[in-house]
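# Descriptive structure summary
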Amino acid sequence: MHNKDQICHEDYQKTADWLLSHTQHRPKVAIICGSGLGMLADALECQDSFKYSDIPGFPQSTVKGHAGRLVFGELKGKSCVCMQGRFHMYEGHSLSKVTFPVRVFKLLGVDTLVVTNAAGSLADSYNCGDIMIIRDHINFPGLAGLNPLNGPNDDMFGPRFPPMSGVYDKSLRKMALDICKSMGVSQYVQEGVYCMVGGPNFESIAEARLLHRLGVDAVGKSLKV
Ligand SMILES: O=P(O)(O)O[C@H]1O[C@H](CO)[C@@H](O)[C@H]1O
């Protein structure tokens, strides 16, 4: 590692190699469990689970209710890896630390990432407890220049100027909506625009009004992409 904010390819690789040597699972799907969804990881079968503090190079979770465990296992027969607890900017992590696991997942062979988090709704038609599938986002810290991709670009992870249109895969979103329909829970499921803010404070009333006028449907302090 060069300095506290700069992480080089070897650092991600070292963590990925450690994980690959400690589990037989080779997941193609990673799920980041936000607040309230940690129990999904408990449902995995044939589990191999690692405390973040035991994984070389991994940041530590400081949020109450986030177990701080990486769980490999099978969900409906499909190999996947779940983060039981994520990292947030407001905990004092640099953005490259916040996104560290995502690059490690890429090196593990993951090609599908499911990100979840608790959020506050702003859309008039939403009800408390609804689930929103993210169609698009507004990354406020990113617009202000706080971006994990700042610094030298590692072309092995993607281009210098990645496009942000279509980052939330249309076919996966459709699949999620179709499954909700078949389960008869469509009335609780929305699709909308998520806005990331820095926190840790909640939004003032004026800020919430501003976000609503900008077309934001749900706001949270969890980074997406
Ligand atoms: O679900 P997680 O990632 O814990 O985060 C959500 O919960 C936090 C507190 O409300 C906010 O950061 C929000 O984004």
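Here is what the cut-offs are and how they apply
Residues numbered from 1 in each chain as written. Predicted model: local features only at pLDDT ≥ 70, side-chain atom pairs only at ≥ 80, totals over all residues. Heavy atoms only, no water. Domains from an automatic or database assignment. Salt bridge = Lys/Arg side-chain N within 4 Å of Asp/Glu carboxyl O. Polar contact = N/O pair within 3.5 Å; in protein donor to acceptor, adjacent residues only side chain to side chain. Helix = DSSP H or I, 4+ residues; strand = E, 2+ residues; numbered from the N terminus. Nonpolar A, V, L, I, M, F, W, Y, C, P; charged D, E, K, R; others polar. Near = heavy atom within 4 Å. Areas by Shrake-Rupley, 256 points an atom, 1.4 Å probe, with all protein chains shown as cover. Pairing = 2+ DSSP bridges. Axes fitted to C-alpha atoms, helices over the stretch in contact; angles between N-to-C directions. Buried < 20%, exposed > 50% of the residue type's maximum accessible area, 1.4 Å probe, protein only. Contact = heavy atoms within 4.5 Å. Expected span 1.5 Å × (residues − 1).

### Let's talk about the domain arrangement of the protein
Taken domain by domain, the protein consists of domain 1 (8–116) and domain 2 (118–224). Domain 1 and domain 2 are separated by 20 Å when their C-alpha centres are compared. Run the count over domain 1 and domain 2 and you get zero salt bridges. For the pair domain 1 and domain 2, the interface holds one residue pair in polar contact (both at pLDDT 80 or more). Going through the elements one at a time, helix H1 (9–22), helix H3 (95–98), helix H4 (100–108) and strand E5 (112–115) are the ones with two or more residues in the side of domain 1 that touches domain 2. Partitioned by chemical class, the residues of the side of domain 1 that touches domain 2 number seven nonpolar, seven polar and three charged.

### Section: the site of the ligand
The environment of the ligand is made up of Gly34, Ser35, His66, Arg86, His88, Tyr90, Asn117, Ala118, Phe202, Gly220, Lys221 and Ser222. Contact distances for the ligand include 2.6 Å between an oxygen atom and a side-chain N or O atom of Ser35. Burial of the ligand by the protein chains amounts to 86% of its free accessible area of 350 Å². Taken together, the residues of the shell around the ligand sort by class into three nonpolar, seven polar and two charged.

### Re the pattern of salt bridges
Per the stated rule, a full pass over the model turns up three salt bridges. In this structure, Arg69 and Asp42 form a salt bridge, with 3.3 Å as the shortest nitrogen-oxygen distance. Of this pair, Arg69 sits in strand E3 (residues 69–75) while Asp42 is found in helix H2 (residues 39–42), placing the two residues 27 residues apart along the sequence. As a salt-bridge pair, Asp178 and Lys174 come within 2.8 Å of each other at their nearest N and O atoms.

### A look at the sheet that holds strand E4 (residues 78–84)
The sheet built from five strands is open, its strands ordered E2-E3-E4-E1-E5 with mixed pairing. The sheet terminates laterally at strand E2 (45–51) and E5, the two strands that pair on one side only. Between one strand axis and the next, the sheet turns through 20 degrees on average, direction left out of account. Across four bridges, the pairing between strand E1 (residues 29–33) and E5 is parallel. Bridge pairing in E5 links Ala30 to Leu113.

### Observations concerning H4
Those residues of H4 that sit buried are Phe100, Pro101, Arg103, Val104, Phe105 and Leu108. Here the buried face of H4 lies against H1, E1, E3, E4, H3 and E5. The positive-phi residue at the C-terminal boundary of H4 is Gly109, with phi of around 105 degrees.

### Considering the sheet that holds strand E9 (residues 218–220)
Strand order across the open sheet formed by four strands is E6-E9-E8-E7, with mixed pairing between neighbours. At either margin of the open sheet sits one strand with a lone partner, and together these are strand E6 (120–121) and strand E7 (131–139). Pairing between E6 and E9: two bridges, direction antiparallel. In the sheet register, Ser121 faces E9, and the bridge partner there is Ala218. Running at roughly 155 degrees to E7, helix H6 (residues 170–183) makes contact with E7 and strand E8 (189–196) of the sheet.

### Looking at the pairing of E4
When you tally the buried positions in E4, you get six out of seven residues, the bulk of the element. Pairing between E1 and E4: five bridges, direction parallel. Bridge pairing links Ile32 to Met83 in E4. As judged from the seven bridges shared by E3 and E4, these two strands associate in the antiparallel manner. Within the sheet, the bridge partner assigned to Phe72 lies in E4 and is Val81. Hairpin connection of E3 to E4: two residues between the antiparallel strands, including Lys76 at a positive phi of 50 degrees.

### Quick notes on H6
Over its 14 residues, H6 runs 20 Å from end to end, which matches the ideal 20 Å to within 8%, given 1.5 Å per residue. Two residues or fewer after H6 comes Gly184, characterised by a positive phi angle close to 75 degrees.

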